[in-house]
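Structure assessment
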Amino acid sequence: MLVSYNWLKDFVKLEVEPHALAEKITRTGVEIAEVKHPATGLKKLVAGHVLTCVKLEGTHLHQCMVDVGEVDPIQIVCGAPNVAADEMVIVALHGARIAGNEKIKRGKIRGMVSNGMICGLQEIGFSDSVVPMKYRDGIFIFPEGSDIQPGEDVYHALGMDDYLLDFDITPNRADTLSMEGAAYEVGAIIDQPVKVEPVSLKADGPAWTSTLTAEVDAKLAPKFYLRKVTGVKITESPLWLQTRLWNAGIRPVNNVVDVTNYVMLLTGQPMHAYDARTFKTGKLSVRLAKPDETLTLLNEKKVVLDPADIVITDGDQPVMLAGVMGGLNSEVMPDSHEVILETAVFDGTLVRKSALRHANRTEASSRFEKGINWDNTQKALDMAALLLRNEAGATILDGVLKGSDTKRKPVTVKTTFSYLNKVLGTTLTTDQVVTLFNRLKFETQVARDQLTVTVPARRWDIMIPADLVEEVGRLYGYDNLKSTQPLLAETQGGYANFELFMRHVKHFLQGQGLMEALSYSLTSKARATLFTKAVQPVAEVKMPLNSSRSVMRQNLLTGLVDAASYNFARKETELAFFEQGRTYDHADGQFNEHEHVATLYSGHVYRNNWEHDEAPVDFYFVKGQLENLFTTLGLTGIEYRAEKITGMHPTRTAGIYVQGDYVGFIGMVSHTLTQTEKPLRNSELYGYELDLEQLSHYLPTSTQAKPAPKFPAMSRDLSVLVDQAQSNQSVMAAIRQAAGNYLVKLSVIDVYQGDHLAAGKKSLAYQLTFLNENATLTDDLVNEKMAAVTTALETNLQASVR
Amino acid sequence: MDLLEKLDQLRARGLEKINAAADTQKLNDVRVELVGKKGALTEILHAMREVAPERRRQVGQLVNEVRDLFNEQLAQTRHDLAQALIAQKLEAEKIDVTLPGKRLSLGAKHPVYLILDDLEALFIGLGYQVVQGPEIETDHYCFEMMNLPKDHPARDMQETFYIDNENLLRSQTSGDQARVLEKHDFSQGPLKMVGPGKVYRRDDDDATHSHQFMQMEGLVVDRNVSMSDLKGTLEMIAKHLFGADRKTRLRPSYFPFTEPSVEMDVSCFNCDGKGCSICKETGWIEVLGAGMVHPNVLENAGIDASIYGGFAFGLGLDRFAILKYGVDDIRDFYTNDVRFLAQFRQEEK
C-alpha cells in the first residue's frame with residue numbers, strides 16, 4: 001500500500017523527514033520498498049484559467065487565451081478535445097519540465113505562437129491506471145470549487161508535493177494496509193501519540209431496516225452490516241478526495257465509489273455500495289454460488305461461478321462476488337438516488353481462492369485474504385455514510401441492518417520478562433518492556449516476572465508469547481541486539497560417510513577434466529525413463545507448467561544430452577560434462593530417490609592442437625576414465641557385459657557389474673536419439689551413469705600398507721587366436737585362472753582382426769607380469785605357468801596360442 | 001739435423017696439427033702420430049743414441065716437456081671438440097617454447113556448488129552437521145510440521161508441484177528441520193545442522209524465477225540460543241560471502257515457521273549503499289531470511305518449547321551466486337552452456 005506522508009500527519013506528529021522515516025519503518029516494522037515523490041523532476045507547472053477558446057477550422061486545435069496569474073493572459077494552442085473556456089487547467093509554462101524530463105518551450109503551431117502547453121495528468125507523470133476516465137484522453141480540469149488560483153503551482157492541489165511510502169507488507173502485517181493501521185505502527189516506531197478519531201453519526205432519515213431481510217450464512221460472513229442512504233447526487237468527488245485516492249494508486253470514479261474506497265484506505269475495511277434498486281424484492285442473501293451461476297463483474301468480466309465462491313444475491317440472482325468485486329447488475333449509476341452500503345467480514349480463504357480462480361485480485365480481496373480488523377465494521381459503515389452526507393448530499397436512514405454479527409473475544413497473551421530476555425539475548429528491565437508495549441497501545445499487566453498483554457483487535461497477528469518477543473525485539477531495535485555466537489556444548493561438524501563419498505567422486509571427476517552440469521529434475525515422460533535398465537513407475541506432478549517438465553527423471557544422462565544439444569547448437573562440440581544428482585521413482589508404491597552420477601563426452605581427447613593429435617573421444621577413452629575412477633575408489637570385481645539400454649547404442653554399450661550386482665552402464669548414445677535431435681545429428685556422444693548408493697556398498701575399508709616389492713617381476717607376452725565372438729573378458733578370466741597367484745598384472749597389448757587371419761577369427765595379445773613377493777621367480781616356474789595358461793586356453797576356449 | 005732442431009720443428013708442427021684436427025677421429029690420428037707408441041716423439045727418443053751422453057739428459061727433459069705440452073693441448077682440443085658437439089646437438093634440439101601446450105579438457109565446479117561447498121566448509125568449521133532430506137516430500141513434513149496451515153497460499157496447487165494429495169516436490173528445505181528435530185536426542189548435545197538441496201516452485205522460468213533452485217537450511221536448537229546468537233551468525237555468513245566491509249541490517253519479516261522472523265540485507269556492493277539500479281535506489285540488497293524457531297514447529301516435533309528453542313535460517317544459493325558473480329539471468333545456471341560455466345574454473349581457491 002502507498003501510504004501518504006502528508007495524510008499520515010493527520011494522525012501522528014512527524015518530525016522526521018520522509019526518507020529517514022522510511023528507513024526507520026523498514027528496520028522496525030514493514031519494508032518500505034520505495035519512497036515516491038510525484039513532483040520530482042517537474043518544473044513551472046501552474047494553474048491556468050482558460051479565458052477564451054476558439055476552435056481552429058479544419059484542425060483539431062484550439063486557440064486559447066489563458067490567465068496564468070501574469071499581467072496579461074498568454075496564448076496557448078491546445079489540441080485536447082475537452083479544452084473549453086472558463087476551465088481551470090494545468091499549464092506547463094515556457095521553460096517547464098514535464099514527465100520524462102521533457103522540456104516545454106515557446107513555439108509556433110500552424111503559424112500561431114503557443115506560449116506553453118495545457119497538460120493532461122499522464123503528461124505530468126500520473127499512471128494511466130489512476131487517471132479518472134473522463135480525463136484519460138484529454139487535459140485535466142480542476143473540479144469546481146477547487147482551492148487554486150491562476151499562476152499557482154499545481155503540485156500541492158494535485159497531491160504531488162506528497163511523499164508516498166510503499167509499504168511492502170508481509171502477510172502478517174495486513175494491519176498496516178490502512179492509514180489508521182499505518183499510523184499506529186508509525187506512532188509506535190517513532191514513539192509519538194496517535195490520534196485516531198471515532199465516528200459519531202446521527203441519522204437524519206426514517207428507519208429502513210424492516211424494508212429488507214438479509215439472510216446471511218455466518219460461516220461465510222461472520223459480520224455483515226448494511227446502511228441505507230437516500231437523496232444521493234452522483235458527481236465527481238472533490239479534489240482532496242481524488243488526490244488521496246490516486247496517491248494510493250486508486251482511480252477516482254464518482255463520489256459514492258470514491259467514498260467507499262476512501263473508507264477502505266482509512267480503516268482497512270473493504271466496502272461496497274449497491275444501487276438500492278437492486279433489492280426491489282426486499283431480499284438479500286449471502287451464500288455459496290450454485291453450479292452454473294454466472295455474474296458479470298464491474299470490470300465487465302463475465303465469470304462462471306464456482307460452488308466455493310461466496311456471493312451476495314438479490315434473493316435470487318448473484319449481484320456481487322463477495323470480497324472481490326461487485327456485479328454490473330447492482331452498480332451505482334449516474335441516476336442512482338438510493339444506495340445501500342455494506343461492510344462485512346468474509347472468510348479470507350474463500351475470498352482468496354475466488355480471486356485466484358477468476359484471476360481478479362482486488363484491493364478488497366487482498367485485504368480479506370490477509371485478514372481485517374473486526375472492530376472496524378461499524379466505524380467504516382458510519383464513516384462512509386457521513387462522507388456521503390457531506391459530499392453527495394445524502395440523507396442517512398436510521399438503523400444498521402446486521403445480517404450477521406459474530407463477536408470475537410480480545411486476545412490476551414501471558415509470558416514472562418525472563419523469557420523475553422532469554423530469547424532476545426537482552427537484559428531489558430520490566431519498565432523498558434512495558435514502555436515498548438505502551439508505544440504499541442497494548443494494555444499490560446505486570447506481576448513480578450509475569451506479563452499479561454491484551455492485544456487490540458487491529459493486531460490480529462499476535463497470539464502467542466513468541467509474537468510478543470517480536471514486538472519487543474523490533475521496537476527495542478534489532479540494531480541494538482548484540483551479535484554473539486551460540487555458546488553451546490561442543491558438536492562435531494561434518495558429513496555423513498555417504499555424503500563424503502559423493503563429494504569425493506565429484507572432486508575426482510572435476511580433476512579428470514569434466515565440467516559440472518546442473519539440470520532440471522523435471523523432464524518429459526519419455527525422457528524420464530530413457531537410459532534406465534529397470535524402468536520403474538514414475539513420479540509425475542499433477543499440474544506441470546508444461547509437458548517437457550512433468551515427470552521426475554529416472555536418469556541423469558538425459559539432462560547431459562540436453563546440455564550437449566544446447567551447446568552443439570552454439571557450435572560448442574568439445575564437451576566433457578558430469579552431473580551428480582538424484583533420480584526419482586515410485587517403485588513399490590513409495591517415492592524413492594537415488595544419488596547418481598553421470599558423464600558425457602564428445603569431441604577429442606586433446607583440445608585443438610598444432611601437433612594434429614586428433615584422437616576422438618571414444619568408448620575406450622571414456623572407459624579408461626571410468627576405470628581410473630574405480631581404481632581411486634578401490635573397487636574390485638568389476639565386470640562389463642554387453643547390454644541393451646533404451647537410448648544407448650545397442651552394440652556399443654555395457655552394463656557395469658560390481659561383484660555381480662548392476663551399478664550402471666557405459667556406452668555411446670544411440671543414433672536414434674542423436675539423429676532426431678537436429679544439433680546432435682551425426683555426433684558421437686559417449687558417457688556413463690552410475691548409481692552411487694549401489695557403488696557405496698562395495699567400497700573397501702581403509703588401506704593396510706605393505707612395502708614395495710623387493711624381488712623383480714617377470715613379464716611374458718602371449719598371442720591368442722580366438723573366434724571373433726569371444727570377448728576379451730572371457731580370455732582374461734581364463735588366463736587369470738590358469739596363471740595362479742603370481743600373476744599380478746595382465747594387460748591387453750594388441751588386438752587384430754583382418755586379412756591376415758582366417759575369417760571369423762581375431763588375435764589378442766597380452767602381457768603377463770608375474771611376481772613372487774617373497775622370493776625371486778625362476779624362469780622354470782614362469783614357463784610352467786605359461787604352459788598351464790596355454791593348455792587352458794586351448795582346451796577351454798578352443799584358442800590357438802602363438 | 002740436430003736433434004734439438006728436430007724437436008723444435010716437431011713442437012711447432014705438432015701444435016699446428018692438433019689445432020687443425022676437426023673432429024675427435026682426426027684428433028686421435030694426430031695423437032697417435034705425435035705421442036703414440038710409434039709416434040714422432042718416440043722416434044726422437046730412439047734417436048737419443050746419437051746424442052752425446054752429456055746432452056742426453058737435457059734432450060730427454062725437452063722431449064718430456066714437448067710430450068706434456070702435446071698431451072695438454074690434445075686434452076684441451078678434445079674437450080673443445082666435445083663441447084662443440086654438445087652445443088651442436090643442443091642447437092639441433094631447440095624448440096619454440098612459446099608455442100602453446102597440448103591440453104586435455106579442464107574441469108570446473110558449477111557456480112551454485114561453489115557457493116554450496118564454501119558455505120558447507122564454513123558451517124562444518126562451526127560444528128554443524130550437513131544433513132540431506134528427500135526432495136519428494138510429504139505435505140506433512142513440508143508444511144504441516146512447519147506450521148503452515150492447510151489453507152496457506154504456499155500449499156496451493158498453483159504454487160507447489162503436487163504429485164498427489166500427500167506428496168509434493170518440496171518448495172523449501174525446511175522439511176529437513178522437522179525430520180532432524182524429530183530424531184534429535186538432546187541428551188547427546190545441541191542440534192546444529194545445515195541442510196542443502198534442491199527445491200521446486202510452480203513458477204514459470206524467466207530471468208528472475210526458476211521452477212527449480214537450491215537452498216540451504218540452517219538450524220540450531222538447544223536450551224540457551226538467543227536472537228543475538230542468530231544475529232551474530234547471520235552477520236558472519238553475510239561477511240563471509242560478501243566481504244567483511246559490508247554493512248548489514250535486520251528487518252522484521254514473516255515466515256510461518258519462525259517467530260520472530262527477520263530478513264537480512266547487506267549494503268549494496270555496487271554503490272556501497274548510496275543507491276543505484278541494482279539495489280533499486282535503497283542502498284541495500286536482501287540476502288537471506290531467518291528467525292527464531294516457531295514454538296509450534298518444536299512442539300510438532302515433540303520438543304518442549306518451554307525448555308528448548310533456537311534459530312533457523314534459509315539461504316538461497318542461486319541468489320548468492322547471482323549476487324556474488326553478477327549473473328543477471330537465473331536460467332544461466334541450468335542451461336549448462338560451457339562458455340558460461342568455463343568462467344568459474346578460476347573461482348575455486
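Residues numbered from 1 in each chain as written. Chains lettered and ligands numbered in written order. Predicted model: local features only at pLDDT ≥ 70, side-chain atom pairs only at ≥ 80, totals over all residues. Heavy atoms only, no water.

Another point: empty space enclosed by the protein. Taken as a whole and judged by the stated rule, the model has three cavities of 30 Å³ or more. There is about 230 Å³ of room inside the largest cavity. Lining the largest cavity are 18 residues, and of these R503 and Q580 of chain A together with Y113, L116 and Q132 of chain B sit closest to its centre. Among the elements of the structure, α12 (497–511) and β30 (575–585) of chain A together with α5 (111–125) and β4 (191–200) of chain B are those that each provide at least two residues to the lining of the largest cavity. Its residues placed into classes, the lining of the largest cavity shows five nonpolar, four polar and nine charged. Taken as a whole, the second largest cavity spans an internal volume of roughly 60 Å³. (1 Å grid on protein atoms, 1.4 Å probe; cavity = no way out; pocket = protein on both sides within 12 Å on 5 of 7 lines; lining within 4 Å. Points joined across faces, edges and corners; volume = space filled by probe spheres on them. Helix = DSSP H or I, 4+ residues; strand = E, 2+ residues; numbered from the N terminus. Nonpolar A, V, L, I, M, F, W, Y, C, P; charged D, E, K, R; others polar.)

What follows is about the pairing of strand β36 (residues 714–723) of chain A. Residue and element names in this part refer to chain A. Bridge count for β36 against strand β38 (residues 761–770) is ten bridges, and the pairing is antiparallel. Following the sheet pairing, M714 is matched in β38 by F770. Examined bridge by bridge, β36 and strand β39 (residues 800–801) share two bridges and lie antiparallel to one another. Each residue of the ladder has a partner; that of V720, found in β39, is V801. (Pairing = 2+ DSSP bridges.)

All names here are of chain B. Between its first and last C-alpha, helix α8 (residues 227–242) extends 22 Å over 16 residues, near the 22 Å set by a 1.5 Å rise per residue. The buried count for α8 comes to 13 of 16 residues, which makes it a mostly enclosed element. For α8, the capping residue at the N-terminal end is S226, with a side-chain oxygen 3.2 Å from the backbone nitrogen of S228. G243 sits one or two positions beyond α8 and adopts a positive phi of about 110°. (Expected span 1.5 Å × (residues − 1). Buried < 20%, exposed > 50% of the residue type's maximum accessible area, 1.4 Å probe, protein only. Polar contact = N/O pair within 3.5 Å; in protein donor to acceptor, adjacent residues only side chain to side chain.)

With that settled, the discussion passes to the sheet that holds β39 of chain A. Residues and elements named next belong to chain A. Strand order in this open sheet of four strands is β37-β38-β36-β39, and the pairing throughout is antiparallel. Every interior strand has two partners, whereas the edge strands, β37 (743–752) and β39, have only one. As judged from the eight bridges shared by β37 and β38, these two strands associate in the antiparallel manner. The partner of L746 across the bridge, within β38, is L768. Sheet strands touched by helix α19 (residues 779–797): β36, β38 and β39. Its angle to β36, the strand with the most contacts, is close to 10°. (Contact = heavy atoms within 4.5 Å. Axes fitted to C-alpha atoms, helices over the stretch in contact; angles between N-to-C directions.)

The next point concerns the packing of aromatic side chains. As enumerated under the stated definition, the model contains 26 aromatic pairs over all chains in all. Each member of the aromatic cluster is reached from another via a ring pair, and the members are F126, Y135, F140, F142 and W246 of chain A. Seen from the ring of Y657 of chain A, R641 of chain A lies directly overhead, with NZ or CZ sitting 3.8 Å from the centre. Cation over ring: R179 of chain B sits above Y141 of chain B, and NZ or CZ is 4.1 Å from the ring centre. (Phe/Tyr/Trp six-rings, centres within 6.5 Å; stacked < 30°, edge-to-face > 60°. Lys NZ or Arg CZ within 6 Å of the ring centre and 35° of its normal.)

To continue, consider the state of the cysteines. Counting across every chain of the model gives zero disulfides over all chains. We note that C53 of chain A lacks a disulfide partner, and the nearest cysteine sulfur, in C64 of chain A, lies 3.8 Å from it. Residue C53 of chain A is classed as partly exposed on the basis of its relative accessible area of 22%. Left without a disulfide partner, C279 of chain B is nearest to the cysteine sulfur of C271 of chain B, which lies 3.7 Å away. (Disulfide = S-S within 2.5 Å.)

Let us now look at the layout of surface pockets. All names here are of chain A. Quantified by volume, the second largest pocket comes out at close to 1,400 Å³. Along the walls of the second largest pocket sit 36 residues, with K623, E627, Y640, N728 and Q729 positioned nearest its centre. When contributions to the lining of the second largest pocket are tallied by element, the ones reaching two or more residues are α15 (619–633), β32 (638–642), β33 (648–658), α18 (728–739), β37 and β38. It is α15 that contributes the most residues to the lining of the second largest pocket, seven residues altogether. Mapping the lining of the second largest pocket onto the domain boundaries places at least three of its residues in each of domain 5 (497–696) and domain 6 (714–801). (Domains from an automatic or database assignment.)

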